[in-house]
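Fold and contact review
Here is how the chains run, residue by residue.
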Amino acid sequence: PKLKVDLTKFLENHKFHFDYAFDESSTNDLVYKFTAQPILRTIFDGGIATCFAYGQTGSGKTHTMGGDFNGKEQNFSLGIYALAASDVFEVLKGPQYGSLDLKVSCSFFEIYGGKVFDLLARRAKRRVLEDGNNVVNVVDLKESPVLSVASVLGVIKEGSAVRTSGQTSANAHSSRSHAVFQMILRNPRGKLQGKFSFIDLAGNERGADTCSANRATRIEGAEINKSLLALKECIRAMSINATHIPFRASKLTQVLRDSFVGEKARTCMIATIAPGQNSVECSLNTLRYADRVKELGPGAKPAPPLGDDLAFLHQSLMSQGEEEEQEMFNFHQALDQLQQAEETLVEEHTQCIQENKEYLKQEEVILQRMEQGVDYDIEDYARALDVILQRKIARLVTMQERLGNFRSQLNKEEEISKTLRRPKDSVPRK
(Lines give C-alpha, C1' and ligand atoms only; values in the text may rest on other atoms or scores of the structure.)
Protein backbone atom coordinates (compact mmCIF):
# COMPACT_ATOMS: atom_id res chain seq x y z
CA PRO A 1 0.00 0.00 0.00
CA LYS A 2 0.97 3.62 -0.63
CA LEU A 3 0.88 6.44 1.92
CA LYS A 4 -1.11 9.64 1.72
CA VAL A 5 0.19 12.95 3.05
CA ASP A 6 -1.43 12.21 6.42
CA LEU A 7 0.34 8.78 6.41
CA THR A 8 -2.87 6.78 5.99
CA LYS A 9 -2.45 3.75 3.76
CA PHE A 10 -4.31 3.32 0.47
CA LEU A 11 -4.27 1.08 -2.59
CA GLU A 12 -3.96 2.55 -6.08
CA ASN A 13 -6.23 0.88 -8.62
CA HIS A 14 -5.47 0.56 -12.35
CA LYS A 15 -7.86 -0.42 -15.12
CA PHE A 16 -6.76 -2.30 -18.22
CA HIS A 17 -8.72 -3.80 -21.10
CA PHE A 18 -7.81 -7.19 -22.57
CA ASP A 19 -9.65 -9.95 -24.41
CA TYR A 20 -8.76 -12.68 -21.90
CA ALA A 21 -6.93 -13.02 -18.59
CA PHE A 22 -5.29 -16.21 -17.31
CA ASP A 23 -4.17 -17.04 -13.78
CA GLU A 24 -1.18 -19.06 -12.65
CA SER A 25 -3.09 -22.35 -12.89
CA SER A 26 -3.82 -21.94 -16.61
CA THR A 27 -2.00 -24.36 -18.88
CA ASN A 28 -0.19 -23.45 -22.09
CA ASP A 29 -2.82 -25.43 -23.94
CA LEU A 30 -5.57 -23.16 -22.56
CA VAL A 31 -3.62 -20.00 -23.38
CA TYR A 32 -2.96 -21.30 -26.90
CA LYS A 33 -6.65 -22.02 -27.56
CA PHE A 34 -7.57 -18.37 -26.92
CA THR A 35 -4.56 -16.68 -28.55
CA ALA A 36 -2.65 -18.32 -31.40
CA GLN A 37 -5.05 -21.11 -32.36
CA PRO A 38 -7.90 -18.84 -33.60
CA ILE A 39 -5.59 -17.21 -36.18
CA LEU A 40 -3.75 -20.36 -37.29
CA ARG A 41 -5.93 -21.13 -40.32
CA THR A 42 -5.00 -17.73 -41.71
CA ILE A 43 -1.74 -19.17 -43.05
CA PHE A 44 -3.59 -21.83 -45.07
CA ASP A 45 -5.63 -19.13 -46.80
CA GLY A 46 -2.64 -17.11 -47.98
CA GLY A 47 -2.27 -14.94 -44.89
CA ILE A 48 0.35 -14.04 -42.31
CA ALA A 49 -0.23 -14.82 -38.61
CA THR A 50 1.91 -13.43 -35.78
CA CYS A 51 1.96 -14.14 -32.05
CA PHE A 52 4.02 -12.01 -29.66
CA ALA A 53 4.95 -12.80 -26.05
CA TYR A 54 5.84 -9.67 -24.10
CA GLY A 55 6.86 -9.07 -20.50
CA GLN A 56 9.58 -9.04 -17.88
CA THR A 57 12.17 -11.81 -17.91
CA GLY A 58 11.00 -14.58 -15.58
CA SER A 59 7.31 -13.76 -16.02
CA GLY A 60 6.64 -16.74 -18.31
CA LYS A 61 7.26 -15.69 -21.93
CA THR A 62 9.65 -18.48 -22.86
CA HIS A 63 7.66 -20.93 -20.70
CA THR A 64 4.50 -20.07 -22.64
CA MET A 65 6.04 -20.06 -26.10
CA GLY A 66 8.61 -22.84 -25.71
CA GLY A 67 7.24 -25.12 -23.00
CA ASP A 68 7.60 -26.10 -19.33
CA PHE A 69 10.95 -26.10 -17.56
CA ASN A 70 12.24 -28.91 -15.40
CA GLY A 71 15.30 -27.32 -13.87
CA LYS A 72 17.36 -26.06 -16.80
CA GLU A 73 15.78 -28.51 -19.23
CA GLN A 74 12.80 -27.30 -21.25
CA ASN A 75 10.02 -29.59 -22.49
CA PHE A 76 9.38 -28.07 -25.91
CA SER A 77 6.40 -30.35 -26.54
CA LEU A 78 4.27 -28.34 -24.10
CA GLY A 79 4.72 -24.86 -25.57
CA ILE A 80 2.74 -22.83 -28.09
CA TYR A 81 5.38 -23.58 -30.75
CA ALA A 82 4.65 -27.31 -30.52
CA LEU A 83 0.88 -26.90 -30.10
CA ALA A 84 0.72 -24.80 -33.27
CA ALA A 85 2.94 -27.27 -35.14
CA SER A 86 0.63 -30.13 -34.14
CA ASP A 87 -2.40 -28.22 -35.45
CA VAL A 88 -0.62 -27.32 -38.70
CA PHE A 89 0.12 -30.96 -39.53
CA GLU A 90 -3.39 -31.95 -38.45
CA VAL A 91 -4.98 -29.41 -40.79
CA LEU A 92 -2.71 -30.54 -43.63
CA LYS A 93 -4.13 -34.05 -43.28
CA GLY A 94 -7.71 -32.77 -43.59
CA PRO A 95 -9.74 -32.78 -46.82
CA GLN A 96 -9.85 -29.00 -47.18
CA TYR A 97 -6.10 -28.44 -47.62
CA GLY A 98 -4.69 -31.95 -48.12
CA SER A 99 -4.99 -31.71 -51.91
CA LEU A 100 -2.79 -28.57 -52.01
CA ASP A 101 0.34 -30.63 -51.23
CA LEU A 102 1.76 -27.84 -49.07
CA LYS A 103 5.29 -28.17 -47.70
CA VAL A 104 6.21 -27.02 -44.20
CA SER A 105 9.55 -25.50 -43.23
CA CYS A 106 10.86 -23.62 -40.18
CA SER A 107 13.27 -20.77 -39.61
CA PHE A 108 14.57 -19.54 -36.28
CA PHE A 109 16.54 -16.33 -35.79
CA GLU A 110 17.19 -13.67 -33.19
CA ILE A 111 17.46 -9.91 -33.35
CA TYR A 112 20.18 -8.65 -31.04
CA GLY A 113 21.58 -5.13 -30.95
CA GLY A 114 19.81 -4.25 -34.20
CA LYS A 115 21.38 -7.21 -36.04
CA VAL A 116 19.87 -10.50 -37.24
CA PHE A 117 21.50 -13.84 -36.37
CA ASP A 118 20.42 -17.20 -37.81
CA LEU A 119 19.99 -19.62 -34.89
CA LEU A 120 19.93 -22.59 -37.27
CA ALA A 121 23.29 -21.68 -38.81
CA ARG A 122 25.50 -21.26 -35.74
CA ARG A 123 24.32 -17.67 -35.21
CA ALA A 124 25.56 -16.53 -38.61
CA LYS A 125 24.89 -12.85 -39.15
CA ARG A 126 22.29 -12.13 -41.84
CA ARG A 127 21.51 -8.99 -43.82
CA VAL A 128 17.99 -7.58 -44.10
CA LEU A 129 17.21 -6.10 -47.52
CA GLU A 130 14.10 -4.64 -49.11
CA ASP A 131 13.61 -5.23 -52.83
CA GLY A 132 11.93 -3.05 -55.42
CA ASN A 133 8.54 -4.58 -54.63
CA ASN A 134 8.83 -3.50 -50.97
CA VAL A 135 9.32 -7.11 -49.89
CA VAL A 136 11.71 -7.44 -46.94
CA ASN A 137 14.03 -10.45 -47.06
CA VAL A 138 16.50 -11.86 -44.55
CA VAL A 139 19.27 -12.86 -46.95
CA ASP A 140 20.43 -16.50 -46.74
CA LEU A 141 18.17 -17.26 -43.77
CA LYS A 142 18.06 -21.04 -43.34
CA GLU A 143 14.69 -22.76 -43.77
CA SER A 144 14.65 -26.32 -42.44
CA PRO A 145 12.03 -28.63 -44.02
CA VAL A 146 9.95 -30.43 -41.38
CA LEU A 147 7.69 -33.45 -41.81
CA SER A 148 6.34 -33.91 -38.27
CA VAL A 149 5.96 -32.28 -34.87
CA ALA A 150 9.06 -34.17 -33.71
CA SER A 151 11.20 -32.54 -36.41
CA VAL A 152 9.79 -29.13 -35.47
CA LEU A 153 10.79 -29.72 -31.85
CA GLY A 154 14.29 -30.60 -33.04
CA VAL A 155 14.54 -27.24 -34.85
CA ILE A 156 13.28 -25.37 -31.77
CA LYS A 157 15.75 -27.14 -29.50
CA GLU A 158 18.64 -26.40 -31.85
CA GLY A 159 17.84 -22.69 -32.05
CA SER A 160 17.01 -22.20 -28.36
CA ALA A 161 20.39 -23.64 -27.36
CA VAL A 162 22.29 -20.73 -28.93
CA ARG A 163 19.97 -17.81 -28.16
CA THR A 164 21.65 -14.84 -26.47
CA SER A 165 21.00 -14.31 -22.75
CA GLY A 166 22.80 -12.56 -19.91
CA GLN A 167 22.68 -10.25 -16.93
CA THR A 168 20.88 -6.88 -16.83
CA SER A 169 20.46 -4.17 -14.24
CA ALA A 170 17.05 -5.72 -13.46
CA ASN A 171 17.57 -9.44 -13.91
CA ALA A 172 20.50 -11.86 -13.62
CA HIS A 173 19.35 -14.10 -16.51
CA SER A 174 17.60 -11.87 -19.02
CA SER A 175 16.64 -12.73 -22.60
CA ARG A 176 18.82 -10.23 -24.41
CA SER A 177 17.32 -10.74 -27.86
CA HIS A 178 14.02 -11.05 -29.69
CA ALA A 179 13.67 -14.69 -30.80
CA VAL A 180 11.60 -15.20 -33.96
CA PHE A 181 10.43 -18.73 -34.79
CA GLN A 182 8.54 -19.11 -38.08
CA MET A 183 6.50 -21.91 -39.61
CA ILE A 184 6.29 -21.43 -43.37
CA LEU A 185 3.91 -23.04 -45.87
CA ARG A 186 4.87 -23.26 -49.53
CA ASN A 187 3.10 -24.80 -52.50
CA PRO A 188 4.83 -27.43 -54.71
CA ARG A 189 6.34 -24.66 -56.85
CA GLY A 190 7.98 -23.08 -53.79
CA LYS A 191 5.69 -20.06 -53.65
CA LEU A 192 4.77 -18.78 -50.21
CA GLN A 193 1.29 -19.85 -49.11
CA GLY A 194 1.36 -18.52 -45.56
CA LYS A 195 3.58 -17.92 -42.54
CA PHE A 196 3.12 -18.03 -38.78
CA SER A 197 5.68 -16.04 -36.76
CA PHE A 198 6.10 -16.59 -33.02
CA ILE A 199 8.11 -13.87 -31.29
CA ASP A 200 9.54 -14.30 -27.81
CA LEU A 201 10.46 -10.67 -27.13
CA ALA A 202 13.44 -9.62 -25.02
CA GLY A 203 12.71 -8.92 -21.36
CA ASN A 204 11.26 -5.43 -21.18
CA GLU A 205 13.54 -4.56 -18.23
CA ARG A 206 16.35 -4.35 -20.79
CA GLY A 207 15.08 -0.88 -21.71
CA ALA A 208 16.38 0.41 -18.37
CA ASP A 209 19.97 -0.25 -19.51
CA THR A 210 20.09 2.64 -22.00
CA CYS A 211 22.06 4.68 -19.45
CA SER A 212 24.75 2.04 -18.88
CA ALA A 213 28.39 3.13 -19.03
CA ASN A 214 29.13 0.07 -21.16
CA ARG A 215 28.53 0.78 -24.85
CA ALA A 216 27.42 -2.75 -25.76
CA THR A 217 24.89 -2.85 -22.91
CA ARG A 218 23.74 0.69 -23.72
CA ILE A 219 23.16 -0.08 -27.40
CA GLU A 220 21.49 -3.36 -26.52
CA GLY A 221 19.03 -1.66 -24.15
CA ALA A 222 18.31 1.20 -26.53
CA GLU A 223 17.63 -1.16 -29.43
CA ILE A 224 15.15 -3.16 -27.33
CA ASN A 225 13.50 0.06 -26.17
CA LYS A 226 13.19 1.37 -29.73
CA SER A 227 11.96 -1.92 -31.18
CA LEU A 228 9.23 -2.26 -28.54
CA LEU A 229 8.07 1.30 -29.20
CA ALA A 230 8.07 0.66 -32.95
CA LEU A 231 6.23 -2.64 -32.52
CA LYS A 232 3.48 -1.02 -30.51
CA GLU A 233 3.06 1.77 -33.04
CA CYS A 234 3.00 -0.65 -35.99
CA ILE A 235 0.26 -2.76 -34.38
CA ARG A 236 -1.77 0.36 -33.53
CA ALA A 237 -1.33 1.75 -37.05
CA MET A 238 -2.44 -1.58 -38.51
CA SER A 239 -5.48 -1.63 -36.20
CA ILE A 240 -6.75 1.76 -37.37
CA ASN A 241 -5.91 1.07 -41.06
CA ALA A 242 -3.39 3.91 -41.05
CA THR A 243 -2.00 5.12 -44.37
CA HIS A 244 1.55 4.74 -43.06
CA ILE A 245 3.02 2.01 -40.85
CA PRO A 246 6.52 2.87 -39.48
CA PHE A 247 7.97 -0.63 -39.84
CA ARG A 248 11.41 0.71 -40.80
CA ALA A 249 11.83 2.29 -37.36
CA SER A 250 13.47 -0.88 -36.00
CA LYS A 251 14.98 -4.11 -37.26
CA LEU A 252 12.27 -6.14 -35.51
CA THR A 253 9.38 -4.40 -37.25
CA GLN A 254 11.27 -4.28 -40.55
CA VAL A 255 11.76 -8.06 -40.53
CA LEU A 256 8.09 -8.53 -39.61
CA ARG A 257 6.79 -6.06 -42.20
CA ASP A 258 4.43 -8.60 -43.77
CA SER A 259 2.81 -9.05 -40.35
CA PHE A 260 1.57 -5.45 -40.43
CA VAL A 261 0.40 -5.04 -44.01
CA GLY A 262 -2.29 -6.72 -46.05
CA GLU A 263 -5.87 -7.66 -45.34
CA LYS A 264 -4.90 -11.20 -44.37
CA ALA A 265 -2.45 -10.25 -41.62
CA ARG A 266 -3.54 -11.37 -38.14
CA THR A 267 -1.76 -10.60 -34.88
CA CYS A 268 -2.15 -11.47 -31.21
CA MET A 269 -0.10 -10.50 -28.16
CA ILE A 270 0.38 -12.43 -24.94
CA ALA A 271 1.44 -10.18 -22.04
CA THR A 272 3.06 -11.99 -19.10
CA ILE A 273 3.47 -10.53 -15.61
CA ALA A 274 5.15 -11.69 -12.39
CA PRO A 275 3.35 -11.68 -8.99
CA GLY A 276 6.32 -10.64 -6.82
CA GLN A 277 6.43 -7.25 -5.09
CA ASN A 278 9.79 -6.49 -6.70
CA SER A 279 8.16 -6.89 -10.11
CA VAL A 280 5.36 -4.35 -9.56
CA GLU A 281 6.82 -1.64 -11.82
CA CYS A 282 7.68 -4.07 -14.61
CA SER A 283 4.25 -5.69 -14.37
CA LEU A 284 2.50 -2.30 -14.57
CA ASN A 285 4.67 -1.34 -17.53
CA THR A 286 3.77 -4.58 -19.27
CA LEU A 287 0.06 -4.03 -18.68
CA ARG A 288 0.25 -0.42 -19.84
CA TYR A 289 2.12 -1.43 -22.99
CA ALA A 290 -0.31 -4.23 -23.88
CA ASP A 291 -3.25 -1.97 -23.07
CA ARG A 292 -1.97 0.68 -25.47
CA VAL A 293 -1.49 -1.95 -28.16
CA LYS A 294 -5.05 -3.14 -27.62
CA GLU A 295 -6.38 0.43 -27.67
CA LEU A 296 -7.57 0.77 -31.25
CA GLY A 297 -8.49 4.45 -31.16
CA PRO A 298 -11.01 4.51 -34.05
CA GLY A 299 -10.89 8.31 -34.24
CA ALA A 300 -7.11 8.50 -34.23
CA LYS A 301 -5.38 10.05 -37.23
CA PRO A 302 -1.69 9.30 -37.63
CA ALA A 303 0.65 12.16 -38.42
CA PRO A 304 2.07 12.32 -41.95
CA PRO A 305 5.53 10.79 -42.44
CA LEU A 306 8.49 13.12 -41.85
CA GLY A 307 10.80 11.40 -44.29
CA ASP A 308 11.98 8.53 -42.11
CA ASP A 309 10.12 6.10 -39.89
CA LEU A 310 12.10 6.87 -36.74
CA ALA A 311 11.09 10.54 -36.93
CA PHE A 312 7.53 9.47 -37.71
CA LEU A 313 7.54 7.17 -34.69
CA HIS A 314 8.78 9.97 -32.44
CA GLN A 315 6.14 12.42 -33.68
CA SER A 316 3.38 9.85 -33.32
CA LEU A 317 4.40 8.98 -29.76
CA MET A 318 4.57 12.64 -28.76
CA SER A 319 1.08 13.25 -30.17
CA GLN A 320 -0.19 10.38 -27.98
CA GLY A 321 1.38 11.82 -24.84
CA GLU A 322 4.15 9.23 -24.58
CA GLU A 323 7.10 10.15 -22.37
CA GLU A 324 9.80 9.61 -24.97
CA GLU A 325 12.20 12.47 -24.33
CA GLN A 326 14.00 14.35 -27.08
CA GLU A 327 17.33 13.10 -25.72
CA MET A 328 16.25 9.48 -26.20
CA PHE A 329 15.05 10.21 -29.74
CA ASN A 330 18.43 11.81 -30.51
CA PHE A 331 20.15 8.73 -29.08
CA HIS A 332 18.05 6.42 -31.25
CA GLN A 333 18.96 8.50 -34.29
CA ALA A 334 22.65 8.34 -33.36
CA LEU A 335 22.39 4.56 -33.02
CA ASP A 336 20.80 4.26 -36.46
CA GLN A 337 23.60 6.32 -37.99
CA LEU A 338 26.21 4.28 -36.12
CA GLN A 339 24.76 0.99 -37.36
CA GLN A 340 24.59 2.27 -40.94
CA ALA A 341 28.22 3.40 -40.72
CA GLU A 342 29.21 0.00 -39.29
CA GLU A 343 27.42 -1.92 -42.06
CA THR A 344 28.99 0.28 -44.74
CA LEU A 345 32.48 -0.16 -43.26
CA VAL A 346 32.14 -3.94 -42.89
CA GLU A 347 30.82 -4.24 -46.46
CA GLU A 348 33.73 -2.12 -47.74
CA HIS A 349 36.24 -4.15 -45.74
CA THR A 350 34.82 -7.44 -47.03
CA GLN A 351 34.98 -6.20 -50.61
CA CYS A 352 38.56 -5.00 -50.07
CA ILE A 353 39.62 -8.46 -48.83
CA GLN A 354 38.00 -10.16 -51.83
CA GLU A 355 39.67 -7.76 -54.27
CA ASN A 356 43.04 -8.18 -52.58
CA LYS A 357 42.84 -11.94 -53.13
CA GLU A 358 42.29 -11.33 -56.83
CA TYR A 359 45.05 -8.70 -56.98
CA LEU A 360 47.51 -11.13 -55.36
CA LYS A 361 46.80 -13.67 -58.09
CA GLN A 362 47.38 -11.01 -60.76
CA GLU A 363 50.62 -9.87 -59.07
CA GLU A 364 51.91 -13.45 -58.93
CA VAL A 365 51.25 -13.83 -62.67
CA ILE A 366 53.06 -10.65 -63.74
CA LEU A 367 55.92 -11.31 -61.31
CA GLN A 368 56.33 -14.84 -62.63
CA ARG A 369 56.40 -13.54 -66.21
CA MET A 370 58.95 -10.93 -65.24
CA GLU A 371 61.28 -13.44 -63.60
CA GLN A 372 60.92 -16.30 -66.06
CA GLY A 373 60.33 -14.56 -69.37
CA VAL A 374 63.50 -13.97 -71.36
CA ASP A 375 62.02 -11.30 -73.64
CA TYR A 376 59.43 -9.93 -71.17
CA ASP A 377 58.86 -6.18 -71.54
CA ILE A 378 59.70 -4.49 -68.22
CA GLU A 379 57.49 -1.53 -69.19
CA ASP A 380 54.50 -3.87 -69.41
CA TYR A 381 55.41 -5.17 -65.96
CA ALA A 382 55.57 -1.61 -64.57
CA ARG A 383 52.28 -0.59 -66.20
CA ALA A 384 50.44 -3.70 -64.97
CA LEU A 385 51.77 -3.29 -61.44
CA ASP A 386 50.91 0.41 -61.41
CA VAL A 387 47.29 -0.33 -62.39
CA ILE A 388 46.95 -2.86 -59.56
CA LEU A 389 48.52 -0.52 -57.00
CA GLN A 390 46.32 2.42 -58.04
CA ARG A 391 43.20 0.29 -57.63
CA LYS A 392 44.35 -0.96 -54.23
CA ILE A 393 45.15 2.57 -53.07
CA ALA A 394 41.74 3.84 -54.22
CA ARG A 395 40.00 1.06 -52.31
CA LEU A 396 42.07 1.72 -49.18
CA VAL A 397 41.34 5.46 -49.35
CA THR A 398 37.61 4.72 -49.56
CA MET A 399 37.86 2.32 -46.64
CA GLN A 400 39.80 4.93 -44.65
CA GLU A 401 36.94 7.38 -45.22
CA ARG A 402 34.39 4.78 -44.11
CA LEU A 403 36.46 4.08 -41.00
CA GLY A 404 36.69 7.79 -40.22
CA ASN A 405 32.91 8.14 -40.48
CA PHE A 406 32.41 5.10 -38.28
CA ARG A 407 34.72 6.47 -35.57
CA SER A 408 32.95 9.82 -35.78
CA GLN A 409 29.59 8.08 -35.20
CA LEU A 410 31.08 6.20 -32.24
CA ASN A 411 32.11 9.50 -30.66
CA LYS A 412 28.70 11.00 -31.39
CA GLU A 413 26.93 8.08 -29.73
CA GLU A 414 29.22 8.41 -26.70
CA GLU A 415 28.50 12.14 -26.31
CA ILE A 416 24.72 11.82 -26.72
CA SER A 417 24.59 8.93 -24.25
CA LYS A 418 25.95 11.27 -21.56
CA THR A 419 22.80 13.41 -21.87
CA LEU A 420 20.46 10.52 -21.11
CA ARG A 421 18.74 10.23 -17.77
CA ARG A 422 17.82 6.86 -16.31
CA PRO A 423 14.06 6.42 -16.81
CA LYS A 424 11.84 5.61 -13.86
CA ASP A 425 10.16 2.89 -15.89
CA SER A 426 11.61 0.55 -18.44
CA VAL A 427 8.98 1.28 -21.10
CA PRO A 428 6.92 4.42 -21.82
CA ARG A 429 3.90 4.98 -19.64
CA LYS A 430 0.43 6.06 -20.52
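Summary of the structure given here. (Residues numbered from 1 in each chain as written. Predicted model: local features only at pLDDT ≥ 70, side-chain atom pairs only at ≥ 80, totals over all residues. Heavy atoms only, no water.)

Quick notes on the pattern of salt bridges
Throughout the structure, instances matching the rule amount to 21 salt bridges. Among the ionic pairs, Arg163 bridges to Asp200, the shortest N-O distance being 3.0 Å. One end of the pair, Arg163, is in the loop between helix 5 (149-160) and strand 12 (165-166); the other, Asp200, is in strand 15 (residues 192-200), and 37 residues separate them in sequence. In this structure, Asp336 engages Lys226 in a salt bridge whose closest nitrogen and oxygen atoms are separated by 2.5 Å. Of the two residues, Asp336 sits in helix 10 (residues 326-372) while Lys226 sits in helix 6 (residues 215-239), which places them 110 residues apart along the sequence. Accessibility assignment for this pair places Asp336 and Lys226 in one class, buried. Connected via shared salt-bridge partners are Glu348, Glu355, Arg395 and Arg402. (Salt bridge = Lys/Arg side-chain N within 4 Å of Asp/Glu carboxyl O. Helix = DSSP H or I, 4+ residues; strand = E, 2+ residues; numbered from the N terminus. Buried < 20%, exposed > 50% of the residue type's maximum accessible area, 1.4 Å probe, protein only.)

A short note on the packing of helix 3 (residues 80-93) against helix 5
Direction vectors running N to C along helix 3 and helix 5 enclose 150°, while the axes themselves pass 9 Å from each other. Taken together, the axes of helix 3 and helix 5 lie roughly antiparallel to each other. Our pair here, helix 3 against helix 5, has a crossing hand that is right-handed. Touching Tyr81, Ala82, Ala85, Ser86 and Phe89 of helix 3 are Val149, Val152, Leu153 and Ile156, all from helix 5. Classifying every residue of the contact of helix 3 with helix 5 gives 8 nonpolar, 1 polar and no charged. (Axes fitted to C-alpha atoms, helices over the stretch in contact; angles between N-to-C directions. Parallel < 35°, antiparallel > 145°, perpendicular 65-115°, else oblique. Left-handed = near helix turned anticlockwise from the far one by under 90°. Contact = heavy atoms within 4.5 Å. Nonpolar A, V, L, I, M, F, W, Y, C, P; charged D, E, K, R; others polar.)

Examining the nonpolar core
Judged by nonpolar contacts, the single largest core of 42 residues is most densely connected at Phe44, Val88, Val152, Phe181, Met183, Phe196 and Phe198. Contributing elements (two or more residues each) for this core: helix 1 (28-34), strand 3 (48-55), helix 3, strand 6 (103-112), helix 5, strand 14 (178-186), strand 15 and strand 16 (265-272). The element that contributes the greatest number of residues to this core is helix 3, accounting for 10 residues. Those residues in contact with Met183, other than ones at most four positions away along the chain, are Ala85, Val88, Val104, Ser105, Cys106, Val152, Gly194, Lys195, Phe196 and Phe198. In this structure, Val128, Ile199, Ile235 and Val293 belong to the second largest nonpolar core, which totals 29 residues. (Core = buried A, V, L, I, M, F, W, Y, C linked by side-chain atoms within 4.5 Å.)

A word on helix 11 (residues 378-417)
Here helix 11 spans 58 Å end to end across 40 residues, near enough to the 58 Å set by a 1.5 Å rise per residue. For helix 11, the full list of buried residues reads Ile388, Arg395, Met399, Phe406, Gln409, Glu413, Ile416 and Ser417. Taking the backbone nitrogen of Glu379 as reference, a side-chain oxygen 2.8 Å away marks Asp377 as the first, capping residue of helix 11. (Expected span 1.5 Å × (residues − 1). Polar contact = N/O pair within 3.5 Å; in protein donor to acceptor, adjacent residues only side chain to side chain.)

Some remarks on the side chain of Ser107
Relative to the helices and strands, Ser107 resides in strand 6. Excluding residues that lie within four positions of it along the chain, Ser107 makes contacts with Leu120, Leu141, Lys142, Glu143, Val180, Phe181, Gln182 and Ile184.

Details of the packing of aromatic side chains
Inspection of the entire model under this criterion finds 11 aromatic pairs. When the centroid spacing of 4.1 Å and the interplanar angle of 20° are considered together, the rings of Tyr54 and Tyr289 count as stacked. Within this pair, whereas Tyr54 is found in strand 3, its partner Tyr289 is found in helix 8 (residues 280-294), the two being separated by 235 residues in sequence. Of the two residues, Tyr54 and Tyr289, neither departs from the other in class, the shared state being buried. Three or more aromatic residues link up through ring pairs in this structure, and these residues are Tyr81, Phe108, Phe181, Phe196 and Phe198. (Phe/Tyr/Trp six-rings, centres within 6.5 Å; stacked < 30°, edge-to-face > 60°.)

Concerning the environment of Thr419
Checked against the element boundaries, Thr419 lands in the segment after helix 11. By relative accessible area, which is 41% here, Thr419 ends up partly exposed. Taking C-alpha positions, Thr419 is 9.0 Å from Phe331, a pair spaced 88 residues apart along the chain.

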